[in-house]
Amino acid sequence: MARKQPAQKQLRARREELEAERAQLVAQVAELDAEADVNNWREGGFDDDPADAGSASFERETAQSLSNHARGLLTQIDDALRRMDAGTYGLCERCGEAIEPERLEAIPYATLCMDCKRREETGR
Ligand SMILES: [Zn+2]
């Protein structure tokens, strides 16, 4: 069994990073949702000018898609924090090996090691 978790100290630092990122995302989602909220756009009276209406709806869609993206990240961060609690953080969900430290550095909420990720992407 080559189950190796990142050292406790590293793990604590990583958790703090994730929690900071999480707080940022929560604020971002709230902001984007307010921006995407149809009710905030009604006042503007875009009806007269189709160009304005078009760009307003484009901006709203952009805010919505950014918000969805941020939500997706939030889910992944929550999941990583849960795995930290469970003591399985940093272990590949597929093969159980330790995920490469440089990969966790780049994507702290990664759930697959590089090999498994590559296999997943190529569908093998
Ligand atoms: Zn793996």
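The rules behind the values
- Residues numbered from 1 in each chain as written.
- Predicted model: local features only at pLDDT ≥ 70, side-chain atom pairs only at ≥ 80, totals over all residues.
- Heavy atoms only, no water.
- Helix = DSSP H or I, 4+ residues; strand = E, 2+ residues; numbered from the N terminus.
- Contact = heavy atoms within 4.5 Å.
- Areas by Shrake-Rupley, 256 points an atom, 1.4 Å probe, with all protein chains shown as cover.
- Donors = N, O, S within 2.8 Å, 3.2 Å for Na, K, Ca; no water.
- Buried < 20%, exposed > 50% of the residue type's maximum accessible area, 1.4 Å probe, protein only.
- pLDDT = per-residue confidence, 0-100.
- Core = buried A, V, L, I, M, F, W, Y, C linked by side-chain atoms within 4.5 Å.

What follows is about the overall build of the chain. When its secondary structure is counted, the chain shows five helices and zero strands. Each helix and strand of the chain, placed in order from N terminus to C terminus, yields the pattern α-α-α-α-α. Look at the contacts in the chain between residues 6 or more apart in sequence, and 58% of them connect residues 24 or more apart. Split by element, the accessible area of the chain, about 8400 Å² in all, is 48% carbon and sulfur.

Moving on, we come to the coordination of the zinc ion. Bound to the zinc ion are the protein donor atoms Cys92 (SG), Cys95 (SG), Cys113 (SG) and Cys116 (SG), situated 2.3 Å from the metal. Expressed as a motif, the donor residue spacing for the zinc ion is C-x2-C-x17-C-x2-C. Each member of the pair Cys113 and Cys116 is classed as buried.

Our next topic: the confidence of the model for the chain. In this model, the chain carries an average pLDDT of 87, and 84% of its residues clear a pLDDT of 70 or more. Ranking the helices and strands of the chain by mean pLDDT puts helix H5 (residues 114–122) first, with 94, and helix H2 (residues 39–42) last, with 63.

Quick look at the nonpolar core now. In this structure, Leu18, Leu25, Ile77, Met84, Tyr89, Cys92 and Tyr109 are the most contacted members of the largest nonpolar core, which totals 20 residues. Put simply, the parts of the chain that give this core at least two residues each are helix H1 (8–36) and helix H3 (50–86). The greatest single-element share of this core, amounting to seven residues, is contributed by H3. Residues contacting Met84, with those up to four places away along its chain left out, are Leu11, Arg14, Arg15, Leu18 and Tyr89.

Below, the discussion takes up the environment of Glu100. With respect to the secondary-structure elements, Glu100 resides in the loop between H3 and helix H4 (101–106). Spatially, the C-alpha atom of Glu100 lies 8.2 Å from that of Gly90, the residues being 10 residues apart in sequence. If we skip the residues at most four places from it in the chain, Glu100 touches Cys113 and Met114.

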